[in-house]
Amino acid sequence: KKKAAAAAAAAAQLSNRQLADLYSTCINLSTQNKINAKNAFSLNLIDHIDDVLEADERAARAAPDQHVLTTNFQKASCTVETSVKIYCYRVDAVHNDAFKMLGGLTREEEDK
């Protein structure tokens, strides 16, 4: 259920403010080492990685005094690093759940 809800939430388009909140929340959790298997599926940074990185470019285009668009590589690297942590915990959670199910099936067959 949590995974389906996370996917549905990811499909929704976020405003610039929501993207900024998502980014800051995920980066703060990452720097505090508080990303784990329990909260990895509720952190939608991976689903909105393009939107987060393009939000700065949209803001730069809207500012009349900006003539040169540049990529913020520090923000991009932090976003990728945090997304990797989230993805790793998601993979670990799925792996552990699969082995729990496999263990349960094995015990059922041994009981027969």
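Note: the structure precedes this text.
This is a predicted model, so every value here is computed, not measured. (Residues numbered from 1 in each chain as written. Predicted model: local features only at pLDDT ≥ 70, side-chain atom pairs only at ≥ 80, totals over all residues. Heavy atoms only, no water.)

Regarding unusual backbone geometry
Thinking step 1. The backbone of Asn-33 sits at a positive phi, close to 55°, despite the residue not being glycine.
Thinking step 2. By the secondary structure assignment, Asn-33 is in the loop between α2 (16-31) and α3 (49-62). (Helix = DSSP H or I, 4+ residues; strand = E, 2+ residues; numbered from the N terminus.)

Notes on the packing of α2 against α3
Thinking step 1. Following both chains from N to C, one finds α2 and α3 inclined at 125°, their axes separated by 10 Å at the closest point. For the element pair α2 / α3, the angle class is oblique. Crossing handedness for the pair α2 and α3: left-handed. Contact residues: Asn-16, Leu-19 and Tyr-23 in α2; Asp-51, Val-52, Ala-55 and Arg-58 in α3.
Thinking step 2. A class-by-class count of the residues in the contact of α2 with α3 yields four nonpolar, one polar and two charged. (Axes fitted to C-alpha atoms, helices over the stretch in contact; angles between N-to-C directions. Parallel < 35°, antiparallel > 145°, perpendicular 65-115°, else oblique. Left-handed = near helix turned anticlockwise from the far one by under 90°. Contact = heavy atoms within 4.5 Å. Nonpolar A, V, L, I, M, F, W, Y, C, P; charged D, E, K, R; others polar.)

Regarding α3
Thinking step 1. Counted at 1.5 Å a residue, the expected span for α3 with its 14 residues is 20 Å, and the 21 Å between its end C-alpha atoms agrees.
Thinking step 2. Of all the bends found along α3, the most pronounced is centred on Ala-55 and spans about 30°.
Thinking step 3. Among all positions of α3, only Asp-51, Val-52, Ala-55 and Ala-60 are buried. (Expected span 1.5 Å × (residues − 1). Bend = angle between axes of the 7 residues up to and from the residue. Buried < 20%, exposed > 50% of the residue type's maximum accessible area, 1.4 Å probe, protein only.)

Overview of the pattern of salt bridges
Two side chains carrying opposite charge are able to pair once their charged atoms lie near each other.
Thinking step 1. Counting across every chain of the model gives one salt bridge.
Thinking step 2. Measuring nitrogen to oxygen at the nearest pair gives 2.8 Å for the salt bridge that ties Arg-17 to Asp-21. Placement of the pair is Arg-17 and Asp-21 together in helix α2, with a separation of four residues, close to one helical turn.
Thinking step 3. For Arg-17, a relative accessible area of 57% puts it in the exposed group. (Salt bridge = Lys/Arg side-chain N within 4 Å of Asp/Glu carboxyl O.)

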